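Observations on the three-dimensional arrangement
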Amino acid sequence: MRGIRAVGWVLLVLLVGLAGVAAYLNAATNPQLSGALKLPGLSGPVTVTRDAWGVPHIVAETSDADAVEALGFVHAQDRLWQMEFQRRIVQGRLSEVLGEATIEQDKFLRTWGFQRAAQSVLPALSPRSRTLISAYTRGVNAAMAQGKLPLEFRILNYQPEPWTDTDSVSWSKLLAYDLGGNWEEELLGVQVQGKLGAGALGEIMPPYPADAPTILSAEEVRVSGTSAVALPSRTAPSLPAATLHELRSQIAAARSLGFETVPGKGSNDWVVAGSRTQSGKPLLADDPHLALSAPMLWYLADIKGPTLHAIGASLPGLPAIVIGRNDNLAWGVTNTNPDVQDLYIEPEGAKLTSRNETIKVKGKPDVTLTVQESEHGPILSGVNGDAGNVGPRVALKWTALAPGDTTLDAFMGLNYARNWTDFTSALKFYVAPSQNFVYADTAGNTGYYVPGKVPIRQRGDGSLPVAGDGQHEWTGFIPFDELPHVFNPADGLIVTANNKVVPDSYAAFLGNNRNWAEPYRAERITALLSGNEKLTLDSLKAVQLDTVSLVWRDLGPYLLATQPQDDLSRRALELLRPWNGDERADSVPPMIFEAWLMQLQKFAQDELGNTGQVNSLAVLNALKGNSKLCAVNGQGDCAAWLTSSLKAAVDDLSARLGENPDGWTYGKLHQVANDHQAFGGVKAVGWIFNRSAPTSGGTNTVNVARPQAAAGPNQYRQTHAPSYRQLVDLADMNSSLFVGTLGQGGNPIGPHYADQMRLWRAGQYIPMSSDAADWGRTRVLRLLGE
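Residues numbered from 1 in each chain as written. Predicted model: local features only at pLDDT ≥ 70, side-chain atom pairs only at ≥ 80, totals over all residues. Heavy atoms only, no water.

**Thoughts on the sheet that holds strand E14 (residues 393-398)**
As a reminder, the rule being used: In this description, strands pair whenever DSSP reports at least two bridges between them. Secondary structure elements are taken from DSSP: a helix is a run of H or I of four residues or more, a strand is a run of E of two residues or more, and numbering for both begins at the N terminus. In what follows, residue pairs with any heavy atoms lying within 4.5 Å of each other are defined as contacts. Every angle, taken between N-to-C directions, lies between 0 and 180 degrees, and every axis is a line fitted to C-alpha atoms, over only the stretch in contact when it is a helix.
In space, the three strands of this open sheet follow the order E14-E11-E18, with mixed pairing throughout. The open sheet has two edge strands, E14 and strand E18 (466-467), and neither has a second partner. Pairing between strand E11 (residues 341-346) and E18: two bridges, direction parallel. Counterpart to Tyr-344 in the pairing with E18 is Val-466. Sitting on the sheet, helix H9 (residues 182-196) is in contact with E11 and E14, with an inclination near 50° to E11.

**Focus: the side chain of Asp-652**
For clarity, the threshold we go by: The classification of residues rests on relative accessible area computed with a 1.4 Å probe and restricted to protein chains. Under 20% of the type maximum is buried, over 50% is exposed, and intermediate values are partly exposed. What qualifies as a polar contact is a pair of N or O atoms within 3.5 Å, subject to a donor-acceptor requirement within protein and to the restriction that residues adjacent in sequence count only when both atoms come from side chains.
On the secondary structure map, Asp-652 appears in helix H21 (residues 638-657). Given the relative accessible area of 18%, Asp-652 is considered buried. Side chain to side chain, Asp-652 and Tyr-716 meet in a polar contact 2.6 Å long. Other than its neighbours up to four places away in sequence, Asp-652 contacts Gln-715 and Tyr-716.

**Points about H21**
Because each turn of an α-helix spans 3.6 residues, side chains separated by three or four positions end up pointing in the same direction. As a reminder, the rule being used: Working rule for helices: expected span equals 1.5 Å times residues minus one.
Given a rise of 1.5 Å per residue, 20 residues ought to cover 28 Å, and the 28 Å separating the end C-alpha atoms of H21 matches this to within 8%. Buried within H21 are the following residues: Cys-638, Trp-641, Leu-642, Thr-643, Ser-645, Leu-646, Ala-649, Val-650, Asp-652, Leu-653 and Ser-654. Measuring from the side-chain oxygen of the N-cap residue of H21 to the backbone nitrogen of Ala-639 gives 3.2 Å; that N-cap residue is Asp-637. Gly-658 lies just past H21 and shows a positive phi near 100°.

**Details of the pattern of salt bridges**
We count it as follows: Take a side-chain nitrogen of Lys or Arg and a carboxyl oxygen of Asp or Glu: if they are within 4 Å of each other, that pair is a salt bridge.
Using the criterion set out here, one finds 32 salt bridges in the structure. In this structure, Arg-571 and Asp-662 form a salt bridge, with 2.7 Å as the shortest nitrogen-oxygen distance. One end of the pair, Arg-571, is in helix H17 (residues 567-576); the other, Asp-662, is in the loop between H21 and strand E22 (671-674), and 91 residues separate them in sequence. Asp-662 gets classed as partly exposed once you look at its relative accessible area, which sits at 43%.

**What to know about the packing of aromatic side chains**
In plain terms, the rule: Only centres within 6.5 Å qualify two rings of Phe, Tyr or Trp (six-membered ring in Trp) as a pair; their planes then separate them into stacked at under 30 degrees, edge-to-face at over 60, and tilted for everything else. Two conditions define a charge sitting above a ring: the NZ of Lys or the CZ of Arg must be within 6 Å of the ring centre, and it must be within 35 degrees of the ring normal.
Taken as a whole, this structure holds 34 aromatic pairs when the rule is applied. Judged by centre distance (4.9 Å) and plane angle (25°), the rings of Trp-420 and Phe-487 are stacked. Here Trp-420, found in helix H13 (residues 420-427), pairs with Phe-487, found in strand E20 (residues 485-487); they are 67 residues apart in sequence, far enough to count as distant. The buried category is assigned to Trp-420, whose relative accessible area is 13%. Ring centres of Phe-423 and Phe-437 lie 6.3 Å apart, and the angle between their planes is 75°; on these two criteria the pair is classed as edge-to-face. Of the two residues, Phe-423 is situated in helix H13 and Phe-437 in strand E15 (residues 435-441); the sequence distance between them amounts to 14 residues. By relative accessible area, Phe-437 is classed as buried at 0%. One aromatic cluster is present, formed by Phe-411, Trp-420, Phe-423, Tyr-430, Phe-437, Tyr-439, Tyr-449, Phe-480 and Phe-487 through successive ring pairs. Just above the ring of Tyr-416 sits the side chain of Arg-128; from NZ or CZ to the centre is 4.3 Å. Just above the ring of Phe-477 sits the side chain of Lys-453; from NZ or CZ to the centre is 5.3 Å.

**Some points on helix H6 (residues 127-144)**
Helix length check: H6, at 18 residues, gives a terminal C-alpha distance of 26 Å against a target of 26 Å (1.5 Å per residue), a fit within 8%. Considered for burial, the residues of H6 that qualify are Ser-129, Leu-132, Ile-133, Ala-135, Tyr-136, Thr-137, Gly-139, Val-140, Ala-142, Ala-143 and Met-144. Buried positions along H6 lie against strand E1 (35-39), helix H2 (64-91), helix H8 (167-178) and helix H12 (407-416).

None of this, on its own, says anything about what the molecule does.
Right, here's the structure in full:
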């Protein structure tokens, strides 16, 4: 008995100690959410009412700048570490606080010059944007001055520097990188041509199917065409293996920061006219698919001033609603992915400029990096100081690195827009990354526009590196009025899912036929919306959450004809045979299918000598044509490849989940991975911040949930997802809905760190409403001028 009592006392002491630590951290890190505070620069009082989910509803009585200052304040209250980490990424200053483990990432970031590009933004912006940015910056610094620093600063033992106006625009540059990866495709093209010949490009990177849907139809494309159409691509200049290795090391650095181009990554948005809805007014949906993180990427907010009112998804660190609605209209975005990046192989004697960058490293000596630039942009080869040993100098030209980016003017304009004219006028300032904007307004209009600077090339289609010989320059950009757009389409439906934008009859050139995502999501969304006569918000919910795989529809007949090599393979086929393609977390067939598809996507790795994955369309084309590349190490055909890949898949699942396939439910391995960007992989503290749970969906489903292919214990996790869901009803704006992947807070022991995660997984939403009756239990903070 004494022993039991002693253990009990020890446990009690531990519990009391843990409770004390939690109470201390809660008091030291959680911001003030009620009462009154004074903020410098406010011209009048501002009310911040946080609803039951922690969403702030900001009302400024005197000026719009006050409302935006309050947005900066609440961003920093709830997400200061996220903002700090993001600006350190842009600046290439991670090693200063994280040590030598991030030196290669800092080299990549300094070489590309994201911070330099961000510094060039402010002088180009309008006076209104500059005023609002300065107000936002004041709000961030006022929140820092409260002294409630997030837990991460205490772990790393440092104080953040004051926020600057440049910091308030800089994260847009990394978003542009994440949403525009053509330079990686150029490198893959070089590798494919070098190993397999130019004819194999279409097998590894298949063109968009001729019969697949485009966002705009031939009838909706109105451009008569003054922009030159690019000539077909030709054989790329060869690059030595050392150069390719050097360039791929930068891809690896980017991927370690969460910026990864993966098959099936994408987003969905659509708008339906009142002729198709029960209310007679438009409905609009959006769900951008991006890398997951903890805290979540987006921050939901409602901001109102005398002439400004917008509600939706903001990005901590940026002073605007990025996706959402105002009182008159709504908008959504998906990535367009036009080709706006070109690699130039500079000739000997090309004029270069140099600068030295000093990377401070925690606990280690500084690292000096020499960055070179040509007239086209930064030299990406030779970053590690051995430029003379990696062959030719390869430079990058990219619209997002050019000075004078006015994209933030565009987003500010959207927040204020009252109609289609205002909307398109705002988009004229948009530079990068080009997005598919869908539009709807309370008057019943719908529309679509692809803004951004898309280059016109002298020659070539931008799909392969070119010689920097003056014969492959950009001669300008597609004029705004010639960019793809439509207003009130006759069929009352616009669907975008990163698919091909326009048919080949379009006069200008956006990108080669390999630029676009596979058509599966666009096909499925269009079919579901077209099959319902009168749509409602519930109809749109069902579409947004759909997990039926059209990839299985196409691949299934080939897979089910496979000759099994052993009993386990035979049993797996039996489980797949009656499956309807619905990738539910509680089901076994999707686990088998995704594991098998993962093996099949290793297509041609042996020939190319890489670990890259092809997309599911490349797999389908190979099986249809019995490609010679099905051979493994020169042996066998596609039938043999199907047999061996199935065995590899079931062997892997057996090792992970046991020998009985009946227990291979998808959700045991397929779990959403909301990992902390800095500490997610650190066992000692990662568990405090990371959040995961079983999820449905798979490769190219509408509710996209492609399993991670990287070998190891994290294989099959879901690392990219619908990062934000939005459904807007133009008949009753306050009945609109939205939800994020985790929650509003950045404090892992706070109440709103992950309270939306359960809703997001279950396909539920919270009110996207400016009506206080919809907010539930609230906390009110009054901000006053000093």
